[in-house]
2 protein chains.
Amino acid sequence: MSSYQALEKKFRRMNAIGEASGVLGWDMSTVMPAGGAEARMEQLAALSGVRHEILTSREMEDLFAGALEKKGDLGSWQLANLREMQRIWRHATTLESDFVEAQTKACKKCEMIWRSARPDNDFASILPALKEVLNLTRQEAKIKAEVFECDTYDALLDHFEPGGKSIRIDAIFDDLATFLPEFTQAVQEKQASEPQAIMPDGPFSITDQEKLGREMIKAVGFDFNHGRLDVSLHPFCGGVPDDIRITTRYDENDFMTSMMGVLHETGHAMYERNLPKDWRLQPVGSARGMTMHESQSLIIEMQASRSEEFVSYIASKAQTAFKGKSSAWASDNMQRIYNKVKPDFIRVDADEVTYPAHVILRYRLEKELINGSMELDTLPEAWSDGLEKLLGIRPPNDTMGCLQDIHWYDGAWGYFPTYTLGAMAAAQLFASAKSEVPAIPEALGRGDFSPLMGWLRKNVHTWGSFLSTDELLTRVTGHPLDTQVFKAHLKARYLES
Amino acid sequence: MSSYQALEKKFRRMNAIGEASGVLGWDMSTVMPAGGAEARMEQLAALSGVRHEILTSREMEDLFAGALEKKGDLGSWQLANLREMQRIWRHATTLESDFVEAQTKACKKCEMIWRSARPDNDFASILPALKEVLNLTRQEAKIKAEVFECDTYDALLDHFEPGGKSIRIDAIFDDLATFLPEFTQAVQEKQASEPQAIMPDGPFSITDQEKLGREMIKAVGFDFNHGRLDVSLHPFCGGVPDDIRITTRYDENDFMTSMMGVLHETGHAMYERNLPKDWRLQPVGSARGMTMHESQSLIIEMQASRSEEFVSYIASKAQTAFKGKSSAWASDNMQRIYNKVKPDFIRVDADEVTYPAHVILRYRLEKELINGSMELDTLPEAWSDGLEKLLGIRPPNDTMGCLQDIHWYDGAWGYFPTYTLGAMAAAQLFASAKSEVPAIPEALGRGDFSPLMGWLRKNVHTWGSFLSTDELLTRVTGHPLDTQVFKAHLKARYLES
């Protein structure tokens, strides 16, 4: 066996163990009784411990050296696989295992406190734990930045968005931050002058909602022979590429949130499902990163499912499903509901136009917090000032301000920008897809995602991690991530329609 | 860290990984979509591979040597834990990993063929694959017998019933085989002279069956905060001690099979649940073996739940649950249904009196097959002859004969006797429990298992694997496994009531 082959074997096993953790994670969020939590934590810790030991074992260094020496024997996918293996290995080996353990403990502790600090609006109570998390995050960023020879923020970003650079995100977000306030104002004025959206009357039975959800999942192209739809408190797409577990939650008074949520998660699911089969359990066979992953959920939810064509289809479909009678079910009213723009305090409830402001705020704050030019004591104030500047509203408390997201409290620093980068990539990919396959909008009007999905499969999904995000976008759309297409999409949808 | 402590740490991790496999196994049998099977196999293989590597790593030998050298420092539970660790280690290290791999493959292949050979009544089609399995089983038995210095059959039995000896089983089974044919005849004659059992009329809605099942599970004492009830094709009790997954299947025309099945699995569940908490994830904290495990399911299903007291309780309970009106719901009729004795071809459908014949037949055949005094070509004939001799009936085909059980085909040789040894242990424990806690029968008459469960918890469950099966039985009942109590139980229930 060559060194490269030995590496493949090791990563195959590590990733199979990672898949096992994925299934256990789904179980924990959907069906596990509360009393199983402690044992589950130990199971998951054992699995991640074993993976870490395989990844950081001494022979890996020799295997990498051996594989690099015989690079000439490798094909292009093998080379890309080797590159991705090295990236993962580098992340794992730069930190001492004592440090990782301290970090895991600090994050778990902080997250626990956050679960009550958020509803209690008590930032002071979490400040010491969050300081400890940030302190370790800064150390991690510094250590990795030295080894990777990059900016501290980028060292963390790389974990979520391989190869991502804050210098590019700065430019993108500055552009959006200049564009959005005025644009949002204009959209709100336009919408104020139009008929107001009326909500269809519930209740909407959960049975009917689930039935409609399943139909939508199938319409997008998902095969239930390779996955499930279940209920969880926080909807997610989990499991493994050949057995994908989509979750949602239902509210009898509102079917629209769950339906769009299901479409969103199905976008993630289709990406996982269509990853290159020949590279299952190998790094190059995995999704490219969080930007591409979010682009795949948002191209389904935001681009396709909120298009005029699809909304007109789903309006009539949902009216039938729920036996609706009022004029609230008319296509143009549904369009108004789905495209309503209104600045709000909560990121996860934000509309397409105001969402980037939430992300830009968090990105700018976490950058300053990581590089040390800001301390946590001033976070609540800085958060409120920042939101006011970007959206013109000031959160009434920290529950609706800097305590709302779990990310920083459980240690996910450098993750936030991928939400908006993903939204932009979705707009860019959708524009290219429509220009190459003009039948896409009309098909969506019939609830048929197959022309879009065929294009995505061919141009995005089956590429796995072969290319970087920008390389992939350039290959498919002609240019790297670009604010122009996103702004054009927003203008077309919110001002020109 | 002492060598002993290092061993505990290693076993803790191995067993946490084993628990992860347990949850994945539950998932596979209950909720996994068919398309996830291949990926799941790879996940499970990776987990068992990792466990095997930890168990057979070179340092283990030194750790055992070190721990044995300092045996004097250990308490009695630690010593028992060390003994169990050695037993597990010995099983894992006697076979070369190439051999284990060949065996796993041969068993998987044979089991696959069996899935169609059984319904097709085609023993010839499976003969070559089964020969391969038996050949490897004989080799395993021979290798282990040499290392363990025991009989070949006992080397396999030890895996399911630690310390079990065929010389004792021979004596027990010979005694039962002498007693049972005449006894069965006598019971059948008695039952023929009595009013015939009438089946209550269905359909019994699955919702009502599930509700009743959950009530029964709670009545036995199971806490749903630490487990679930779900549906699977083959009912089982899986999961892990702190998160136990009971399964059943429902038939709208028959609620009694599912109800008794649920009680049976809850017996297993309570054993797991009450294992010594201080020894979680350690070998000594695990269930003693298959005999004790089966005794715990059968003490609930066969001893307690078919007692006159409980049947009279459940008859009225079920009548209410299903809004039954006919006289079929009367207590004495329910008793007749539950205690009906009738020789049949299928083991899993057999009643309490004829069940041992099925087990004795398989035990005698597998002993001869393992020691080489019989070859597989003559199995169908030998099976039919054996059943006729023990039960007076001859299977019409191999589907209902030697093809009915999965055990040999998937490599579980040496497992069968534990079913009947477990039934005997259940009778023996129940007799002692009643004599020590006379309130047990009356409580069962109110659907209250707590006096029985308290006794089992104290005398059986919390002992884990501290003692051997016979040591435990002797400690609790005054003597090792003994046919007299079992025969007395059968006589009392089937001839004297």
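Conventions we followed
- Per-chain numbering applies: the sequence of each chain, read as written, is numbered from 1 onward.
- Ligands are numbered from 1 and chains lettered from A, in the order in which they are written.
- The model is predicted, so local features are restricted to residues of pLDDT at least 70 and side-chain atom pairs to those at 80 or more, both for listing and for counting; the totals for chains, interfaces and linings are taken over all residues.
- Calculated side-chain values reflect all of the structure's heavy atoms, with hydrogen atoms and water omitted.
- UniProt positions are given in the numbering used here, feature names are shortened, and annotations may be inferred rather than shown by experiment.
- In this scheme Phe, Tyr and Trp rings, the latter by its six-membered ring, pair at centre separations within 6.5 Å, and the angle between planes marks the pair as stacked below 30 degrees, edge-to-face above 60, and tilted otherwise.
- Per the convention used, a helix needs a DSSP run of H or I reaching at least four residues, while a strand needs a run of E reaching at least two, with both numbered from the N terminus.
- Exposed residues in this analysis have more than 50% of their type's maximum accessible area, buried residues have under 20%, and partly exposed residues fall in between, with area computed by a 1.4 Å probe over protein chains only.
- Whether a charge sits over a ring comes down to the Lys NZ or Arg CZ being within 6 Å of the ring centre and within 35 degrees of the ring normal.
- Whether two residues are in contact is decided by their heavy atoms, any of which lying within 4.5 Å being enough.
- Here the nonpolar core consists of buried residues drawn from Ala, Val, Leu, Ile, Met, Phe, Trp, Tyr and Cys, with membership extended through side-chain atoms lying within 4.5 Å.
- Helix span is expected to be 1.5 Å times the residue number reduced by one.
- Here a polar contact is recorded for every N or O atom pair within 3.5 Å, except that within protein the pair must consist of a potential hydrogen donor and a potential acceptor, and residues adjacent in sequence are included only if both atoms are side-chain atoms.
- Pairing between strands is defined by DSSP: at least two bridges between them are needed.
- The least-squares superposition of copies is restricted to C-alpha atoms, and to residues with a pLDDT of at least 70 in both copies.
- Whenever Lys or Arg places a side-chain nitrogen within 4 Å of a carboxyl oxygen from Asp or Glu, that contact is recorded as a salt bridge.
- Note on residue classes: Ala, Val, Leu, Ile, Met, Phe, Trp, Tyr, Cys and Pro are nonpolar, Asp, Glu, Lys and Arg are charged, and everything else, Gly too, is polar.
- The split into domains, and so the bounds of each, comes from an automatic or database assignment of domains.
- Here's the idea: put two parts together, see how much 1.4 Å probe accessible area each one loses, and the total over both is what we call buried area.
- Every axis corresponds to a line fitted to the C-alpha atoms, with the helix fit spanning only the stretch in contact, and the corresponding angles, defined between N-to-C directions, vary from 0 to 180 degrees.
- pLDDT is a residue-level measure of predictor confidence that goes from 0 to 100.

Chain A appears in an unreviewed UniProt entry as Metal-dependent carboxypeptidase from Kiloniella antarctica. Under Catalytic activity (unreviewed entry), UniProt gives the following word-for-word description of chain A: "Release of a C-terminal amino acid with broad specificity, except for -Pro."

Student: Which residues make up the packing of aromatic side chains, and what values go with them?
Tutor: All names here are of chain A. All told, the structure shown has 48 aromatic pairs over all chains when counted by the stated rule. Between Tyr 153 and Tyr 363, the aromatic rings sit 5.3 Å apart at their centres with planes inclined by 90°, giving edge-to-face as the arrangement. Taken together, the residues span a long stretch of sequence, with Tyr 153 in helix α7 (residues 152-160) and Tyr 363 in helix α14 (residues 355-371) at a distance of 210 residues. Given the relative accessible area of 1%, Tyr 363 is considered buried. Seen from their ring centres, Trp 463 and Phe 466 are 5.8 Å apart, and the 45° between their planes marks the pair as tilted. On the accessibility criterion, Trp 463 (18% relative accessible area) is buried. The ring of Phe 148 has Arg 90 sitting right over it, with the charged end atom 4.0 Å from the ring centre. Lying across the ring of Phe 416, Arg 362 places its NZ or CZ 5.5 Å from the centre.

Student: Which residues make up the environment of A:Leu472, and what values go with them?
Tutor: Residue and element names in this part refer to chain A. Within the secondary structure, Leu 472 is located in helix α19 (residues 469-477). Given the relative accessible area of 2%, Leu 472 is considered buried. In the structure, Leu 472 is positioned 136 residues away from Arg 336 in sequence and 34 Å away in space, judged by C-alpha atoms. Those residues in contact with Leu 472 that sit more than four places away from it in its chain are Met 292, Asn 459, Val 460, Trp 463 and Leu 467.

Student: Residue-level account of the nonpolar core, with values.
Tutor: If you look at the biggest cluster of nonpolar residues, it comprises 314 residues, and the most contacted ones within it are A:Leu379, A:Leu452 and B:Leu379. Residues within four places of A:Leu452 in sequence aside, it is in contact with A:Ile299, A:Ile300, A:Ala304, A:Phe430, A:Ala433 and A:Ile440. In this structure, A:Val31, A:Phe236, B:Val31 and B:Phe236 belong to the second largest nonpolar core, which totals six residues.

Student: Account for helix α20 (residues 483-494) of chain A, with residues named and values stated.
Tutor: All names here are of chain A. If you check α20, its first and last C-alpha atoms are 16 Å apart, about what twelve residues at 1.5 Å a residue would give, namely 16 Å. Those residues of α20 not exposed but buried are Thr 483, Val 485, Phe 486, Lys 487, His 489, Leu 490, Arg 493 and Tyr 494. Those residues of α20 that are buried lie in contact with α8 (166-192), α11 (290-304), α14 and α16 (417-436). The residue sitting at the N-terminus of α20 and contributing the capping side-chain oxygen is Asp 482; that oxygen lies 3.0 Å from the backbone nitrogen of Gln 484.

Student: Any chance you could break down the environment of A:His489 for me, citing the residues and the numbers?
Tutor: All names here are of chain A. Tracing the backbone through its elements, the reader meets His 489 in helix α20. Distance from His 489 to Met 424, taken between C-alpha atoms, is 9.4 Å for residues 65 residues apart in sequence. In contact with His 489, not counting residues within four places along its chain, are Gln 303, Glu 352 and Ala 427.

Student: Describe the pairing of strand β3 (residues 243-248) of chain A, naming the residues involved and giving the relevant values.
Tutor: All names here are of chain A. Counting buried residues along β3, six of its six residues qualify, which places the element largely inside the surrounding structure. Both faces of β3 are covered, namely the face carrying Asp 243, Arg 245 and Thr 247 and the face carrying Ile 244, Ile 246 and Thr 248. Judged from the five bridges that link them, strand β1 (residues 227-231) and β3 form a sheet pairing that is parallel. By the bridge assignment for β3, Val 231 is matched with Thr 248. As judged from the four bridges shared by strand β2 (residues 237-240) and β3, these two strands associate in the antiparallel manner. Bridge assignment links Gly 239 to a residue of β3, and that residue is Ile 244. Linking β2 to β3, which pair antiparallel, is a turn of two residues.

Student: Which residues make up the relation of the copies chain A and chain B, and what values go with them?
Tutor: Rotating chain A by 180° about the axis while translating it 0.0 Å along that axis superimposes it on chain B, leaving an RMSD of 0.0 Å. Those values place the two copies in the arrangement expected of a two-fold rotation axis. A symmetric contact is evident, with 100% of the interface residues of chain A recurring at the interface of chain B.

Student: Give a description of the interface of chain A and chain B that names residues and reports values.
Tutor: At the junction of the two partners, chain A supplies 35 residues and chain B supplies 35 residues. In this assembly, chain A and chain B are joined by eight salt bridges. When the shortest N-O distance is used, the salt bridge between A:Arg13 and B:Glu53 registers 2.8 Å. Our count for the chain A to chain B interface comes out at 16 residue pairs in polar contact (both at pLDDT 80 or more). Put simply, the parts of the chain that give the side of chain A that touches chain B at least two residues each are α1 (3-30), α2 (37-56), β1 and β3 of chain A. In terms of residue count, the dominant contributor to the side of chain A that touches chain B is α1(A) (ten residues). Among the residues making up the side of chain A that touches chain B, the classes are represented as 17 nonpolar, seven polar and eleven charged.

Student: Give me the domain arrangement of chain A: which residues, what numbers.
Tutor: Residue and element names in this part refer to chain A. Assigned domains of chain A: these are domain 1 (1-93) and domain 2 (162-220 + 250-497). Spacing between the C-alpha centres of domain 1 and domain 2 amounts to 30 Å. Contacts between the two partners involve 17 residues from domain 1 and, on the opposite side, 14 residues from domain 2. Taken together, the two surfaces of domain 1 and domain 2 that pack against each other cover about 1,300 Å², and 63% of this comes from carbon and sulfur. Across the pair Arg 288 and Glu 84 runs a salt bridge whose closest N-O atoms are separated by 2.8 Å. At the junction of domain 1 and domain 2, the tally comes to seven residue pairs in polar contact (both at pLDDT 80 or more).

Student: I'd love a proper account of the side chain of B:Asn333, names of residues and values included.
Tutor: Within the secondary structure, B:Asn333 sits in helix α13 (residues 331-338). A distance of 2.7 Å separates a polar atom in the side chain of B:Asn333 from the backbone oxygen of B:Ala328.

Student: Run through the sheet that holds β2(A), naming residues and quoting values.
Tutor: Residue and element names in this part refer to chain A. Read across the sheet, three strands follow the order β1-β3-β2 without closing on themselves; strand pairing throughout is mixed. Across the chains shown, the open sheet's two edge strands, defined by having one partner strand only, are β1 and β2. Adjacent strand axes in the sheet meet at a mean angle of 20° when their direction is disregarded.

Student: Describe the confidence of the model for chain A, naming the residues involved and giving the relevant values.
Tutor: For chain A, per-residue confidence averages 96 on the pLDDT scale, and residues scoring 70 or more make up 100% of the total. On the interface metric, ipTM, the complex scores 0.94, and its pTM is 0.94.

Student: Quick rundown of the side chain of B:Arg280? Include the residues and the values.
Tutor: Residue and element names in this part refer to chain B. Locating Arg 280 in the fold gives a position in the loop between α10 (256-273) and α11 (290-304). A polar contact of 3.0 Å, which involves the side chain of Arg 280, links it to the side chain of Asp 242. Those residues in contact with Arg 280, other than ones at most four positions away along the chain, are Arg 12, Pro 241, Asp 242, Glu 272, Arg 273 and Leu 275.

Student: Please provide a residue-by-residue account of the pattern of salt bridges, values included.
Tutor: All told, the structure shown has 70 salt bridges over all chains when counted by the stated rule. Across the salt bridge formed by A:Arg228 and A:Asp230, the nearest N and O atoms sit 2.8 Å from each other. The partner of B:Glu301 in a salt bridge is B:Arg306, with the nearest N and O atoms 3.0 Å apart. A single salt-bridge network, built from bridges that share partners, covers A:Arg83, A:Glu84, A:Arg87, A:Asp158 and A:Arg288.

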